Amino acid sequence: MTTLRALSLVTLLGLSACGPEGPTFPRANTTPASSPIVKWPTPTGEKQVDATIRVLTHFDGKMQRFYGVDDLGTSSQDENQDPMFRLSDNAVLENVIIGDPAADGIHCYGSCTLKNVWWERVGEDAATFRGQMPDDVMLIDRGGASGAKDKVFQNNGVGTMIVKDFYVENFGKLYRSCGNCSRQSARTIVLENVTALVGKKSSCLVGLNENYGDRAIFKGLNRVFVDAKPSFPVCQRFLGNARGLEPSKTTTGPDRNCVYDGGSVVVE
Ligand code: DGU
Ligand code: CA
Ligand code: CA
């Protein structure tokens, strides 16, 4: 075969003849199905992520799909994976579609904002928050997540998380205040206008440590569709610990640290 023919074959097959960019052919569409309760965004393009993208102040993904390759090319449930994006204190990440594989999603250190971020298939978890000060605020404003085998949002730090105008389906827990981190504190989660489509494997909307004074606050209208699992709890309480042990479950339902009624959470 002549070099020219070999080269054109390589191009035809969509292989990169040289250079580290990898394949240029489109991947299979991994966008979950839209429905009357969610319209998933169509990616405007795709980007491979082979090393954590550091966001010091602001990153606009322009609705491109970012998916992991090399060390980040994993959708395993191993703990201690690296994230696709790492946000510094006060950073903003917006208009991002996280594709599959998604590794450990997004890590935020301090206050941060995730605006219009969509996870097509959550990796180990979608985002982990490590607020540093009690008045740190981690805001998730719009967006959605699908395919979380376990947690979507994991709060391993201190401060308040706000999840607003967010959609979640096919998940384990939407939010969990770390049950066994070495540094425990009273964490607050605010859910506002969240829509959750509960799956058979969903275990609760929010998981709180009752012994550290965690709180869940419900604002606006949160809708929880429980057809697949009518016994699904909105709040699940645990006895957390700071020794890395598996926390034990206690009670479910509303109480003084998880205040909701039929006006703020509609279970349908
Ligand atoms: O100390 O053992 O699963 O961030 C941390 C905990 C554990 C976390 C968590 C996460 O809860 O590793 O993914
Ligand atoms: Ca985890
Ligand atoms: Ca994780």
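See above for the structure.
Predicted, not measured: the structure shown is a model, and the values here were computed from it. Counting restarts for each chain: residues are numbered from 1 in the order of the written sequence. Labels are handed out in written order, letters beginning with A for the chains and numbers beginning with 1 for the ligands. Local features in this predicted model are restricted to residues whose pLDDT is 70 or higher, and side-chain atom pairs enter the listing and the counts only when it is 80 or higher, whereas totals over whole chains, interfaces and linings include all residues. Only hydrogens and water are removed before side-chain values are computed, so all heavy atoms of the structure are retained for them.

Asks: Mind laying out the overall build of the protein, listing which residues take part and the relevant values?
Replies: Working definition: helices are DSSP H or I runs of at least four residues, strands are E runs of at least two. Numbering for both runs from the N terminus. Of the regular secondary structure elements, the protein holds one helix and 22 strands. For this measure, only C-alpha atoms enter the radius of gyration; the expected value for a globule follows 2.2 Å times N^0.38, where N is the number of residues. Here the C-alpha atoms of the protein give a radius of gyration of 20 Å, agreeing with the 18 Å that 2.2 N^0.38 yields for 268 residues. Dimensions along the principal axes, computed over C-alpha positions, put the protein at roughly 75 × 40 × 30 Å. Out of the 268 residues belonging to the protein, those deemed buried represent 51%. Residue contacts follow a heavy-atom distance rule, with two residues in contact if any of their heavy atoms lie within 4.5 Å. Looking at the protein alone, contacts between residues at least 24 apart form 60% of all its contacts between residues at least 6 apart. A 1.4 Å probe rolled over the protein chains alone gives each residue an accessible area, and that area as a share of the maximum for its type sets the label: buried under 20%, exposed over 50%, partly exposed in between.

Asks: Now, about a negative patch on the surface: what can you tell me, with residues and values included?
Replies: A cluster of acidic residues, Asp50, Asp70, Asp71 and Asp82, forms a negative patch on the protein surface. For aspartate 50, the position within the fold is in the loop between strand 1 (46–49) and strand 2 (53–55). Accessibility expressed as a relative area gives 46% for aspartate 50, which makes it partly exposed. Two joining distances apply to patches: 9 Å for like charges and 5 Å for nonpolar side chains (Val, Leu, Ile, Met, Phe, Trp, Tyr), and every residue must have over 30% relative accessible area and no salt bridge. Surface accessibility in these figures is a Shrake-Rupley result with a 1.4 Å probe; residues are shielded only by whichever protein chains are displayed. Whenever Lys or Arg places a side-chain nitrogen within 4 Å of a carboxyl oxygen from Asp or Glu, that contact is recorded as a salt bridge. Residues counted as positive are Lys and Arg, residues counted as negative are Asp and Glu, and His and the chain ends are not counted. Every charge is mapped onto a representative atom, which is NZ of Lys, CZ of Arg, CG of Asp or CD of Glu.

Asks: Run through the state of the cysteines, naming residues and quoting values.
Replies: Note on disulfides: each one is a pair of cysteine sulfur atoms within 2.5 Å. Using the criterion set out here, one finds three disulfides in the structure. Between cysteine 108 and cysteine 112 runs a disulfide, and the two sulfur atoms are separated by 2.2 Å. Between cysteine 108 and cysteine 112, the S-S dihedral sits near 100 degrees, and the bridge is therefore right-handed. Accessibility expressed as a relative area gives 0% for cysteine 108, which makes it buried. Here the bonded cysteines of the protein are numbered in sequence order, and their pairing is 1-2, 3-4, 5-6. Of all cysteine sulfurs, the one in cysteine 235 lies closest to cysteine 204, which takes part in no disulfide; the gap is 8.2 Å.

Asks: Go over the coordination of the calcium ion (ligand 3) with me, naming the residues and quoting the values.
Replies: Distances define the donors: N, O and S atoms within 2.8 Å of the metal qualify, as do those within 3.2 Å of Na, K or Ca. Water is excluded, so some sites may look unfinished. At 2.2 to 3.0 Å from the calcium ion (ligand 3) lie its protein donor atoms, namely Asp104 (OD), Asp104 (OD), Glu124 (OE), Asp125 (OD) and Asp125 (OD). When four donors show all angles between 85 and 135 degrees the site is tetrahedral, when four or six donors have opposite pairs over 155 degrees and all other angles between 65 and 115 it is square planar or octahedral respectively, and in every other case it is irregular. Note that the calcium ion (ligand 3) binds six donor atoms; their angles at the metal cover 46 to 167 degrees, and the shape is irregular. Motif for the calcium ion (ligand 3), donor spacing along one chain: D-x19-E-D. Glutamate 124 sits in the buried class, given a relative accessible area of 5%.

Asks: Which residues make up the packing of aromatic side chains, and what are the values?
Replies: In this scheme Phe, Tyr and Trp rings, the latter by its six-membered ring, pair at centre separations within 6.5 Å, and the angle between planes marks the pair as stacked below 30 degrees, edge-to-face above 60, and tilted otherwise. In the structure shown here, the tally under the stated rule is 11 aromatic pairs. Seen in terms of ring centroids, tryptophan 40 and tyrosine 167 are 6.2 Å apart; in terms of plane orientation they differ by 85 degrees. Their pairing is edge-to-face. Of the two residues, tryptophan 40 sits in the loop between helix 1 (3–12) and strand 1 while tyrosine 167 sits in strand 12 (residues 167–169), which places them 127 residues apart along the sequence. With relative accessibility at 2%, the residue tryptophan 40 sits in the buried group.

Asks: Any details on the sheet that holds strand 19 (residues 235–239)? Residues and values, ideally.
Replies: If you trace the nine strands from one edge of the open sheet to the other, you get 2-4-6-8-10-13-16-19-20, paired in mixed fashion. Where the open sheet ends on each side, the last strands, each with one partner, are strand 2 and strand 20 (248–252). On average, each strand axis in the sheet is inclined to that of its neighbour by 20 degrees, with strand direction left out of account. Across four bridges, the pairing between strand 6 (residues 106–109) and strand 8 (residues 127–130) is parallel. Paired with isoleucine 106 across the two strands is alanine 127, which belongs to strand 8. Note on pairing: DSSP must find at least two bridges between two strands before they are called paired. Note on definitions: angles span 0 to 180 degrees between N-to-C directions of axes, and those axes are lines fitted to C-alpha atoms, for helices only across the stretch in contact.

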